[in-house]
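Letter by letter, the chains look like this.
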Amino acid sequence: MAKSSPTQASPASPAGAVSASAQSVAASASNAAAQQAFLVRRLVTSYQKNTPQSLKLIDTYLVFVMLTGIIQFVYVLLAGTYPYNSFLAGFGASVGSFVLAANLRMQVNPENKEFKDTSTERAFADFAFASLVLFGFVVNFLG
C-alpha cells in the first residue's frame, strides 16, 4: 500500500476538504462581486435614464456640500481645533446646507406625492430664504 506524501492532500483528508471549501468560498465571493457590479451598473443606468436634470443638479450640490463637510472634519482632526468657532461655523454651514438641499430635492421630486401641492418655485424660494437665514447665523457665529 502506497503512502501519500505529507505535501499532497487526498480529497478524503481534512486538508483536501479545506481547500475545496476555500475554492467554493472564493467562487461564491467572485459571484457576489459580479452580482454587486451588475447591480451598481443597473443603478447608475437607471439613475441616468430616469432622473430629471434638476434632481441631478441638486444631487451634485449635495455631494459637493457633503465633501466640503468631510474635508473640514478631516482638517480639524489633522491640524487641530485652534479656530474652533470657525470650524463649528463652517461645519454647521455644510450640515445645514445639506439638510436644506435634501429638503429641496424632496419637494422638487415629481415622484414624491407628499409635496404634490408645492410648486417648484415655492420650494426653491423656501430653500433660498432658509439658506439666507442659515448663513446669517453662520456669519454671526464667526464673530
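Cut-off values and rules
Residues numbered from 1 in each chain as written. Predicted model: local features only at pLDDT ≥ 70, side-chain atom pairs only at ≥ 80, totals over all residues. Heavy atoms only, no water. Helix = DSSP H or I, 4+ residues; strand = E, 2+ residues; numbered from the N terminus. Buried < 20%, exposed > 50% of the residue type's maximum accessible area, 1.4 Å probe, protein only. Contact = heavy atoms within 4.5 Å. Areas by Shrake-Rupley, 256 points an atom, 1.4 Å probe, with all protein chains shown as cover. UniProt positions renumbered as here; feature names shortened; annotations may be inferred. Core = buried A, V, L, I, M, F, W, Y, C linked by side-chain atoms within 4.5 Å. Salt bridge = Lys/Arg side-chain N within 4 Å of Asp/Glu carboxyl O. Axes fitted to C-alpha atoms, helices over the stretch in contact; angles between N-to-C directions. Parallel < 35°, antiparallel > 145°, perpendicular 65-115°, else oblique. Left-handed = near helix turned anticlockwise from the far one by under 90°. Nonpolar A, V, L, I, M, F, W, Y, C, P; charged D, E, K, R; others polar. pLDDT = per-residue confidence, 0-100.

**Considering the overall build of the chain**
Move 1: Secondary structure summary: the chain contains four helices and zero strands in total.
Move 2: Burial statistics for the chain: of 143 residues in total, 21% are counted as buried.
Move 3: For the chain, long-range pairs separated by at least 24 residues make up 62% of all intrachain contacts whose partners lie at least 6 apart in sequence.
Move 4: For the chain, the exposed area adds up to about 10,900 Å²; of that, 67% sits on carbon and sulfur atoms.

**Structural notes on the UniProt feature "transmembrane region" (unreviewed entry) in the chain**
Move 1: UniProt marks residues 58-78, 84-102 and 123-142 with the feature "transmembrane region" (unreviewed entry), using the numbering shown here.
Move 2: Along residues 58-78 one finds 100% helix and 0% strand; the C-alpha atoms at either end are 30 Å apart.
Move 3: In residues 84-102, helix accounts for 100% and strand for 0%; the two terminal C-alpha atoms are 27 Å from one another.

**Notes on the nonpolar core**
Move 1: Within the largest apolar cluster, 13 residues are counted, with the highest numbers of intra-cluster contacts made by Ile58, Leu104, Val108, Phe127 and Val138.
Move 2: Residue assignment for this core shows that the elements contributing at least two residues are α2 (53-79), α3 (84-108) and α4 (120-142).
Move 3: If you tally residues by element for this core, the top one is α3, at six residues.
Move 4: Beyond its immediate chain neighbours, meaning those up to four positions away, Phe127 contacts Tyr61, Leu100, Ala101 and Leu104.

**What to know about the pattern of salt bridges**
Move 1: In this structure the tally under the stated criterion is two salt bridges.
Move 2: Notably, a salt bridge pairs Arg105 with Asp59, separated by 2.4 Å at the nearest N-O pair. A residue pair is termed long-range when its members are at least 10 positions apart, and Arg105 in helix α3 and Asp59 in helix α2 qualify at 46 residues.
Move 3: Arg122 is the partner of Asp126 in a salt bridge, and the nearest nitrogen-oxygen pair spans 3.1 Å. Of this pair, Asp126 and Arg122 both sit in helix α4, four residues apart, which is roughly one turn of the helix.
Move 4: Classification of Asp126 by relative accessible area gives partly exposed; the value is 32%.
Move 5: Judged by its relative accessible area of 52%, Arg122 falls in the exposed class.

**Re the packing of α2 against α3**
Move 1: The geometry of α2 relative to α3 is characterised by a closest axis approach of 9 Å and an angle of 160° between their N-to-C directions. With respect to α3, the axis of α2 lies roughly antiparallel. Viewed along their axes, α2 and α3 form a crossing whose handedness is left-handed.
Move 2: The residue makeup of the contact of α2 with α3, split by class, is 15 nonpolar, seven polar and two charged.

**Considerations on the confidence of the model for the chain**
Move 1: Mean pLDDT over the chain works out to 87, with 85% of the residues at or above the 70 mark.
Move 2: Across the chain, the element-wise mean pLDDT spans from 81 in helix α1 (residues 14-50) up to 96 in α2.

**Some thoughts on the packing of α3 against α4**
Move 1: Where α3 contacts α4, the axes come no closer than 10 Å and their chain directions differ by 175°. What the angle tells us is that α3 and α4 run roughly antiparallel.
Move 2: Classifying every residue of the contact of α3 with α4 gives 16 nonpolar, eight polar and one charged.

**Section: the environment of Glu111**
Move 1: Looking at the secondary structure, you find Glu111 in the loop between α3 and α4.
Move 2: In this structure Glu111 comes out as exposed when scored by relative accessible area, which is 63%.

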